[in-house]
Amino acid sequence: MFFIDTIELEGLGNRSYLAGGEQTAVAVDPPRDIDHVLAAAARRGVRISHVVETHIHNDYVTGGLELARTTGAEYLVPAGARVSFPRVPVSDGDTVDIDAGVTLTAMATPGHTPHHTSYVLHDAGSPVAAFTGGSLLIGTVGRPDLVEPRLTEQLARAQHASAHRLATDLPDATAVLPTHGFGSFCSSAQSEGDASTIGKEKAGNTALTVDVDTFVTDLLAGLEDVPAYYAHMGPTNAAGPAPVDLTPPAPANAEEIAARLEAGEWVVDLRNRIAFAEGHVAGSFNFEADGKLATYLAWMIPWGKPVTLLAESAGQLADAQRELVRVGIDRPAAAATGGPDRWLREGEPPASFPRSTFAGLAELGADRVVVLDVRRDAERAGGWIEGSVHIPVHELHRRLGEVPDGTVWVHCAGGMRAAIAASLLDAAGRDVVAVDDGFDCAADAGLPLTSG
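Residues numbered from 1 in each chain as written. Predicted model: local features only at pLDDT ≥ 70, side-chain atom pairs only at ≥ 80, totals over all residues. Heavy atoms only, no water.

Novice: Which residues make up the overall build of the protein chain, and what values go with them?
Specialist: Helix and strand counts for the protein chain come out as 17 helices and 23 strands. Taking 22 Å as the expected radius of gyration for a compact globule of 452 residues, we find that the protein chain reaches 23 Å, a close match to that expectation. For the protein chain, the spread of C-alpha atoms along the three principal axes comes to 70 × 50 × 35 Å. Within the span of the protein chain, comprising 452 residues, buried residues form 56% of the whole. In the protein chain, the share of contacts with a sequence separation of at least 24, taken over all contacts with a separation of at least 6, comes to 69%. (Helix = DSSP H or I, 4+ residues; strand = E, 2+ residues; numbered from the N terminus. Rg over C-alpha atoms; globule rule 2.2 N^0.38 Å. Buried < 20%, exposed > 50% of the residue type's maximum accessible area, 1.4 Å probe, protein only. Contact = heavy atoms within 4.5 Å.)

Written out as structure tokens, the structure is:
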């Protein structure tokens, strides 16, 4: 009997897997904080004999090398990947024994990267699951534009061919187990659904239902901005990431927090956006710990800039550290827990700004204030508030000077990114109102919408 356990990385929208038999198992695309994988193996009572990578990842730092070192497992990496550490190079058709009757076979599926490799799990000789990494996802495929612009169309065509190879070579009942597609920006579109099979993908995945030219045209037209930190993930993974250090950062008192702000460092408040708006350290930025912390903080912070974390509890701080090491933000410069009463110097008042809704904006009149839309281009294309200014949140810290004078009512699609943007504007001394509301409420409130 075989098993497959899924290890969710919700913040990054990825999955890793542990699969095997009664005694030994393989880890697929493990996260950098490998203790989750080790715990999964311990629960199963199995030894990790193999660690495999489907590709050199562009969206997170892998834990594969450290997991292999820790467990003594063989580390399988596609032969075409250029890396600077010892590994077992894997080529198309290579098969390894995982446990009695359980084998893993490599299948070359270029497209997300030139060297991308999927792995087919066999039980008693029959294929039962395909770990498809960034190749065939649920309802879509991994994006082909993360390697090199001149290769994008070529890789998009390879994605189509790879999807067809998987669909042709594997039975319809084979489970499709991708790494990306659950919120990851490595996906060319967001997956709908939580599980799939080859048969389901044949029926609904555009890579398998339209011709290659139509597929490539539509795929390339739908690609959105690439998070800036992706530029650092591939080189880090190819060089071999260092082990993770999740020990608590150095504690910072109010004086040190102020000094770090004055030095131009980033001080990030991890509390929820309601608490932040009600009172915070002036100059700090709000990236909610329960939001896409790693994605948006890593996307926006100048790479290598020292960051101090402010958390409401030690647990929240520890969770944030774990999220951040996955994208290469290894050690916060300092940290503090509690609230503004502990983070502000004596006599220093907390900063604050109001929150509202689209109904509140409609009541005031959108033409009387600056309305700033911080959604991504593709979101705005579906409709926007007439007269609004558009600067995607990941560009705002570089484009604050483009925001017109006056009170700024800032919105996104739901509220989280508006809170980030409001904190940036507030830190820059602007009068701001954070619209904490779903964009579908804008029309219900009677705000004039346009598109085109």
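Novice: Can you break down the nonpolar core residue by residue, with the values?
Specialist: In this structure, Trp266, Phe287, Leu309 and Leu372 are the most contacted members of the largest nonpolar core, which totals 53 residues. Broken down by element, the residue count for this core peaks at seven residues, all from helix H10 (residues 293-300). Beyond its immediate chain neighbours, meaning those up to four positions away, Leu309 contacts Val268, Leu270, Leu317, Ala320, Leu324, Pro332, Ala334, Ala335 and Ala336. Of all hydrophobic cores here, the second largest spans 22 residues; its members include Leu67, Ala68, Tyr75 and Phe85. (Core = buried A, V, L, I, M, F, W, Y, C linked by side-chain atoms within 4.5 Å.)

Novice: Tell me about the sheet that holds strand S20 (residues 389-390), and name the residues and values.
Specialist: Across the sheet, which stays open at both edges, the five strands sit in the order S17-S22-S21-S18-S20 with parallel pairing between neighbours. Strand pairing shows two members of the sheet lacking a second neighbour, strand S17 (355-356) and S20, which therefore form its edges. Relative to strand S22 (residues 432-435), strand S21 (residues 408-411) runs parallel, the two sharing three bridges. From the neighbouring strand, Trp409 faces S22, where its bridge partner is Val433. (Pairing = 2+ DSSP bridges.)

Novice: Could you give an account of the pairing of strand S10 (residues 126-133), with specific residues and numbers?
Specialist: Two strands pair when backbone bridges link them, and strand S9 (residues 117-123) and S10 are joined in this way by five bridges, in the antiparallel orientation. In the sheet register, His122 faces S10, and the bridge partner there is Pro127. Two successive antiparallel strands, S9 and S10, enclose a turn made up of two residues, where Ala124 displays a positive phi of approximately 55°. In terms of strand pairing, S10 meets strand S11 (residues 175-178) through four bridges, oriented parallel. Its bridge partner being in S11, Gly133 is matched across the sheet by Pro178.

Novice: Describe helix H6 (residues 212-221), naming the residues involved and giving the relevant values.
Specialist: Those residues of H6 lying buried are Phe215, Val216 and Leu219. Summarising the axial view, the buried residues of H6 lie within an arc of 95°, below the 170-degree limit, and thus occupy one face. In H6, those exposed residues whose orientation departs by more than 90 degrees from the buried face are Thr217, Asp218 and Ala221. Between a side-chain oxygen at the N-terminus of H6 and the backbone nitrogen of Asp213 the separation is 3.1 Å; the capping residue is Asp211. (Arc of directions from axis to C-beta. Polar contact = N/O pair within 3.5 Å; in protein donor to acceptor, adjacent residues only side chain to side chain.)

Novice: Lay out helix H3 (residues 152-169) with the relevant residues and their values.
Specialist: Look at H3: 25 Å from first C-alpha to last across 18 residues, which is about the 26 Å you get at 1.5 Å a residue. For H3, the complete set of buried residues consists of Thr152, Leu155, Ala156, Ala158, Gln159, His160, Ser162, Ala163, Leu166 and Ala167. In this structure, the buried residues of H3 make contact with strand S8 (102-108), S9, S10, helix H4 (198-204), helix H5 (206-209) and H6. (Expected span 1.5 Å × (residues − 1).)

Novice: Please provide a residue-by-residue account of the packing of aromatic side chains, values included.
Specialist: A full pass over the atoms with the stated rule returns nine aromatic pairs. With centroids separated by 5.7 Å and ring planes inclined at 15°, the aromatic side chains of Tyr296 and Trp299 adopt a geometry described as stacked. Separated by three residues within a single helix, Tyr296 and Trp299 lie in helix H10, roughly one turn from each other. Side by side, Tyr296 and Trp299 carry an identical accessibility label, which is buried. An aromatic cluster is defined as three or more aromatic residues linked by ring pairs; in this entry it consists of Phe185, Tyr296 and Trp299. Cation over ring: Arg15 sits above Phe182, and NZ or CZ is 3.8 Å from the ring centre. Over the ring of Phe439 we find Arg375, and its NZ or CZ is 3.9 Å from the ring centre. (Phe/Tyr/Trp six-rings, centres within 6.5 Å; stacked < 30°, edge-to-face > 60°. Lys NZ or Arg CZ within 6 Å of the ring centre and 35° of its normal.)

Novice: Help me get a handle on the packing of H3 against H6, residues and values and all.
Specialist: One can describe the packing of H3 onto H6 by two numbers: an axis separation of 9 Å at closest approach and a directional angle of 125°. The pairing of H3 with H6 is recorded here as oblique in orientation. Regarding H3 and H6, the two cross each other, and that crossing is right-handed. Residue-level contacts link Thr152, Glu153, Ala156, Arg157, Gln159 and His160 of H3 to Val212, Asp213, Phe215, Val216, Leu219 and Leu220 of H6. (Axes fitted to C-alpha atoms, helices over the stretch in contact; angles between N-to-C directions. Parallel < 35°, antiparallel > 145°, perpendicular 65-115°, else oblique. Left-handed = near helix turned anticlockwise from the far one by under 90°.)

Novice: Report on the sheet that holds strand S16 (residues 334-337), specifying residues and quantitative values.
Specialist: If you trace the four strands from one edge of the open sheet to the other, you get S14-S13-S15-S16, paired in parallel fashion. At either margin of the open sheet sits one strand with a lone partner, and together these are strand S14 (285-286) and S16. With two bridges joining them, strand S13 (residues 266-269) and S14 adopt parallel strand pairing. What sits directly across from Asp269, in S14, is Asn286. Each of S13, strand S15 (307-311) and S16 touches helix H8 (residues 254-262); the most contacted strand, S16, lies at about 135° to it. Against the sheet, helix H11 (residues 314-325) makes contact with S15 and S16, and its axis sits at roughly 140° relative to S15, the strand it touches most.

Novice: Run through the environment of Ala334, naming residues and quoting values.
Specialist: Structurally, Ala334 is set in strand S16. Taking the relative accessible area as the measure of exposure, Ala334 reaches 0% and is therefore buried. Among residues more than four places away in sequence, those in contact with Ala334 are Pro249, Ala250, Ala252, Glu256, Arg260, Val307, Thr308 and Leu309.

Novice: If you had to explain unusual backbone geometry to someone new, which residues and values would you point to?
Specialist: Positive phi, normally seen in glycine, also occurs at Asp29, with a value near 50°. Within the secondary structure, Asp29 is located in the loop between strand S3 (24-28) and helix H1 (35-44). In this model, Ala124 sits at a positive phi of 55°, which is unusual for a non-glycine residue. Tracing the backbone shows Ala124 in the loop between S9 and S10. Classification of Ala124 as exposed rests on a relative accessible area of 66%.

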